[in-house]
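# Secondary and tertiary structure notes
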Number of protein chains: 2
Amino acid sequence: MTTLRDLSRHLGLSVTQVSRALNGHGDVSEATRQRVEEAAKKLKYIPNIAARRLVSGRSGVVGFVERSFEGVARDTILFETVTGLSSQFSERGIQFVLHLTPEDVSADSRSILPVYDRLSLGGSLDGFVLTGPRRNDLRIRHLLNNKIPFVVHGRSSENPDYPFFDIDNYGLAQRLTRHLIGYGHRRIALISGPETFAYTQFRLAGFKDALGEAGIAPVPFLIRHAAMTEATGMIATAQMFADPKRAPTAIICGNVLIANGAYRALAALGREVPADVSVVAHDDVVSPARTDSFYPTLTVTRSALSASWGPLADFLIGAIEGRAAGEIQEVAQVDFIERASVAAPRPE
Amino acid sequence: MTTLRDLSRHLGLSVTQVSRALNGHGDVSEATRQRVEEAAKKLKYIPNIAARRLVSGRSGVVGFVERSFEGVARDTILFETVTGLSSQFSERGIQFVLHLTPEDVSADSRSILPVYDRLSLGGSLDGFVLTGPRRNDLRIRHLLNNKIPFVVHGRSSENPDYPFFDIDNYGLAQRLTRHLIGYGHRRIALISGPETFAYTQFRLAGFKDALGEAGIAPVPFLIRHAAMTEATGMIATAQMFADPKRAPTAIICGNVLIANGAYRALAALGREVPADVSVVAHDDVVSPARTDSFYPTLTVTRSALSASWGPLADFLIGAIEGRAAGEIQEVAQVDFIERASVAAPRPE
DNA sequence: GCGATAACCCGAAACGTTTCGGAAGCCTCA
DNA sequence: TGAGGCTTCCGAAACGTTTCGGGTTATCGC
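Residues numbered from 1 in each chain as written. Chains lettered and ligands numbered in written order. Predicted model: local features only at pLDDT ≥ 70, side-chain atom pairs only at ≥ 80, totals over all residues. Heavy atoms only, no water.

### What about the overall build of chain A?
The criterion, for reference: Numbering of helices and strands runs from the N terminus, with a helix taken as a DSSP run of H or I at least four residues long and a strand as a DSSP run of E at least two residues long. All radius of gyration figures rest on C-alpha atoms, and the globule criterion is 2.2 Å times the number of residues raised to 0.38. Burial classification: accessible surface area is computed with a 1.4 Å probe over protein chains only, and a residue below 20% of its type maximum counts as buried, one above 50% as exposed, and the rest as partly exposed.
Across its full length, chain A holds 12 helices and 12 strands. The C-alpha radius of gyration computed for chain A amounts to 26 Å, which surpasses the reference 20 Å derived for 348 residues by more than 25%, pointing to a less compact arrangement than a globule. The C-alpha extent of chain A, read off along each of the three principal axes, is 90 × 45 × 35 Å. Taking all 348 residues of chain A together, the buried fraction comes to 51%.

In structure tokens:
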């Protein structure tokens, strides 16, 4: 193993200068920088992270805390998150660890807070990635209070004062709703995720505002919140069509799984898409439910979940380095892809 | 943040003694040890890992290298592995990182070797966990040659000279085969995993040896190797029953997914389990395919995959600490659970 | 009462890096 | 000519831990 010391002796320079040269500091002439870099390459110098961390006071490791539960290993979204963040952070020279807290921790979400303290105070973790924020998320408040760096995938309020990466959930719901209204629909259903998540609230607001623009009052019966699964899509659709008089002429689905369920329910109910019922969805391009296997093809807003890991990594690193929250926030716009699942409603 | 220095001042002791007391070394009286420990607790002393690592020369991080591929996020076994190892290592004060190499690395498995070098030479990783060993696994030879600590889940040969944790694949195949022979079966099929994996070879050997004991010659037509999926079970079963004269009276399935496929194929073919065909399997108790949802209930050998993460963690830590390979190896026995899927074959 | 032994303790060095404060050499401008 | 400012460099300290070599007592056997 070659050290800075070895390099400095080999070059007839001080350790200081070698360090500064390698780290691109100002105080070193272009000529020596070249020399140093060549020597470093030739002697296969690899900086010792432990030493670097000892002086910087940082560990070079960031984490993601998740409560372990029966079946955690089947959570595709979680795994997508882990693999995505793993790759992005390691490209940036930082290690990413998944920390599973034992499941015997009480279900009270407050009980997860000390885990963050323990991991960060020991100096073993420099920061955290949070996902699935609630409207008033305890974790966020706790981390802010304790000045522990973090970044959120999503956000808990409109204009938060912490780093985050989110998609425009309000906008996509508004867009899908307007699209349907443009075709003449007025009885529009929304099947979305659990109410506790903040993004669900944003989507609901976008939906309602778009309805409002057209002078349509939202109908509670046509608004459903549940887990984002195919079963949810089937059940919600089936229930809304139990009484034909109350049934919607169009359905907005929170994701592709729900849309899949809706399609299957509609097929079973003998309703045709889009002749009888129009269907749209938001597609986050995540594994098992492929939007291109739909018949008829599905009109969607789209934004790949996988596009968020890079910005999240950048922002967390920024947060650790002390950048202002305002500089490390992004609301990504979504694509709108018009396909064959929307038509004008049947005349009454 | 409290340091050893703070503690030593607070106690009127030297830093040396405090360190030795906390680490349980010999040279310190019981009384002071008590005092030190209390003070440490009171002042919330947490050792600085970076400093510890700087002097020990180790990073305290171990890794798992996997080639990233389209759909890596859907690989349940991989995720089970990651979550299991994550938990076990973090309980032991060690961090576990999943390192996904970019998928543009050529498919040649040799190309993954430099990744290990890079990660370990830089001092960022102390050791590795390997899974799915082949018969002559390049990675194993490479790590041995370069004296990089590792542990293998499985093994590439009967009595290897490196740390590993494996189940008795030879024994379980032998056991299942003998069980069927005991009921009078002679035309026994084996549907197992891809040939390249070492464990497949062990199972094949156990199967053949058990047949040999009974004077039965193995029939190549009844031995199938393919991915361990439900589809494999269906297809292999369907093909073996294409010509009734060549069909088996019993099937040994490599895992529960295959057994599930076999059950479905047999149902479609109008064969009853166990009256027409007996079925047994090995159950590694992994998520989606639950053995208890079988009808009739399935006779299996069983060993939970989840039981391997603990020993693997222990063994890798042992390897890093320089323990001899012989002390950190284990072949776990499997359970045999007799249920309702086996009966005597129909008389010809 | 003396040397040996054991039990307990300490100072200082080491790990490899970053950074602070200063210093030498050179140039510029008055 | 000399004050001031760049540019380029260096020594030394610091980060917090472990460990090596040695030191001080007290005890014990003779």
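### Brief notes about the pattern of salt bridges
Quick note on the threshold: Put simply, a salt bridge is a Lys or Arg side-chain nitrogen that is within 4 Å of an Asp or Glu carboxyl oxygen.
Following the criterion strictly, the structure yields 18 salt bridges over all chains and no others. Two residues, A:Glu230 and A:Arg264, come together in a salt bridge whose shortest N-O distance is 2.4 Å. Taken together, the positions of A:Glu230 in helix α10 (residues 230–240) and A:Arg264 in helix α11 (residues 256–268) put the pair 34 residues apart, joining distant regions of the chain. By relative accessible area, which is 22% here, A:Glu230 ends up partly exposed. Across the salt bridge formed by B:Arg346 and B:Asp276, the nearest N and O atoms sit 2.7 Å from each other. Residue B:Arg346 is located in the segment after β12 (335–337), and its partner B:Asp276 is located in the loop between α11 (256–268) and β9 (278–283); the two are separated by 70 residues in the primary sequence.

### Details of the environment of B:Thr237
All names here are of chain B. With respect to the helices and strands, the residue Thr 237 is situated in helix α10 (residues 230–240). Take Thr 237: its relative accessible area is 0%, and that puts it in the buried class. Spatially, the C-alpha atoms of Thr 237 and Val 55 are 59 Å apart, while their sequence positions differ by 182 residues.

### So, the protein's contact with DNA strand C
Here is the rule: Distances are taken per atom, and a residue is near a molecule or strand as soon as one of its heavy atoms is within 4 Å of it. Pairs of N or O atoms are called polar contacts if they sit within 3.5 Å, as long as, within protein, a hydrogen donor faces a hydrogen acceptor (for residues adjacent in sequence, only side-chain-to-side-chain pairs). Think of it as three bins: nonpolar holds Ala, Val, Leu, Ile, Met, Phe, Trp, Tyr, Cys and Pro, charged holds Asp, Glu, Lys and Arg, and polar takes everything else, Gly as well.
Neighbouring residues of DNA strand C: 26 residues in total, closest A:Leu4, A:Ser19, A:Tyr45, B:Thr16 and B:Asp27. Sugar plus phosphate, as a fraction of atoms of DNA strand C within 4 Å of the protein: 60%. With respect to DNA strand C, the backbone of B:Ser14 contributes an N or O atom lying 3.0 Å from a phosphate oxygen. Backbone polar atom of B:Ser29 to a phosphate oxygen of DNA strand C: 3.3 Å apart, as the coordinates give it. Elements that contribute at least two residues to the surface near DNA strand C include exactly α2 (15–22) and α4 (49–56) of chain A together with α2 (15–22) and α4 (49–56) of chain B. Broken down by element, the surface near DNA strand C gets its largest block of residues, four residues, from α4(A). When the residues that make up the surface near DNA strand C are grouped by side-chain class, the tally is 12 nonpolar, 12 polar and two charged.

### What about the packing of aromatic side chains?
Our working rule: When two rings of Phe, Tyr or Trp (its six-membered ring) have centres within 6.5 Å they constitute a pair, described as stacked for plane angles under 30 degrees, edge-to-face for angles over 60, and tilted for the intermediate range. Our definition puts a charge over a ring when NZ of Lys or CZ of Arg is within 6 Å of the ring centre and also within 35 degrees of the ring normal.
Using the criterion set out here, one finds 11 aromatic pairs over all chains in the structure. With a centroid separation of 5.9 Å and 10 degrees between ring planes, the pair formed by A:Phe89 and A:Phe96 is classed as stacked. Across this residue pair, the class does not change: A:Phe89 and A:Phe96 are buried. Both rings, one in A:Tyr116 and one in A:Phe128, keep their centres 4.8 Å apart while their planes meet at 80 degrees; by these two values the pair is edge-to-face. Taken together, the residues span a long stretch of sequence, with A:Tyr116 in helix α6 (residues 113–121) and A:Phe128 in strand β3 (residues 127–131) at a distance of 12 residues. Grouping residues by exposure puts A:Tyr116 and A:Phe128 together as buried. Sitting above the plane of the B:Phe221 ring, B:Arg224 keeps its charged end 5.0 Å from the centroid.

### Comments concerning the relation of the copies chain A and chain B
Note the following rule: Fitting of the copies onto one another was done by least squares over C-alpha atoms, counting residues only where both copies have pLDDT of at least 70. Contact criterion: two residues are considered in contact whenever any of their non-hydrogen atoms come within 4.5 Å of each other.
You can overlay chain A on chain B at an RMSD of 0.1 Å; the transform is a turn of 180 degrees with a shift of 0.1 Å along its axis. Expressed as an axis order, the relation between the two copies is that of a two-fold axis. Counting the interface residues of chain A, we find that 100% of their copies in chain B are interface residues as well, pointing to one common contact surface.

### Overview of the domain arrangement of chain A
When the parts come together, some accessible area is lost, and that loss is often what is quoted as the size of the interface. Just so we agree on the cut-off: Marked domain ranges trace back to an automatic or database domain assignment.
Looking at the assigned domains, one finds that chain A contains domain 1 (1–47), domain 2 (54–166 + 306–332) and domain 3 (169–304). A separation of 60 Å is found between the C-alpha centroids of domain 1 of chain A and domain 3 of chain A.

### As for the protein's contact with DNA strand D
Close contacts around DNA strand D come from 26 residues, with A:Thr16, A:Asp27, B:Leu4, B:Ser19 and B:Tyr45 the closest. In DNA strand D, atoms within 4 Å of the protein come from the sugar-phosphate backbone in 58% of cases. At 2.6 Å, a side-chain N or O of B:Ser19 approaches a phosphate oxygen of DNA strand D. B:Asn23 has a polar side-chain atom sitting 3.0 Å from a phosphate oxygen of DNA strand D. Of all elements in the fold, only α2 and α4 of chain A together with α2 and α4 of chain B reach the threshold of two or more residues within the surface near DNA strand D. With four residues, the single largest contributor to the surface near DNA strand D is α4(B).

### Section: the interface of chain A and chain B
Short version of the rule: What gets called buried area is simply the loss in accessible area from a 1.4 Å probe that two parts show on being joined, summed for both.
Across the boundary between the two partners, chain A contributes 36 residues, which contact 36 residues of chain B. Buried area between chain A and chain B, both sides added, is near 2,800 Å², and the carbon and sulfur share of it is 68%. On inspection of chain A and its partner chain B, the count reaches zero salt bridges. One can count two residue pairs in polar contact (both at pLDDT 80 or more) joining chain A with chain B. Each residue belonging to the side of chain A that touches chain B can be placed in one class, and the counts come to 18 nonpolar, 12 polar and six charged.

### Brief notes about the nonpolar core
Condition: Buried residues of nine kinds, namely Ala, Val, Leu, Ile, Met, Phe, Trp, Tyr and Cys, make up a nonpolar core once their side-chain atoms join them within 4.5 Å.
A:Phe89 and B:Phe89 are the most contacted members of the largest nonpolar core, which has 88 residues in total. If sequence neighbours within four positions are ignored, A:Phe89 has contacts with A:Val62, A:Ile94, A:Phe96, A:Val129, A:Ala313, A:Leu316 and A:Ile317. With 36 residues, the next largest nonpolar core counts A:Leu119, A:Leu130, B:Leu130 and B:Ile148 among its residues.

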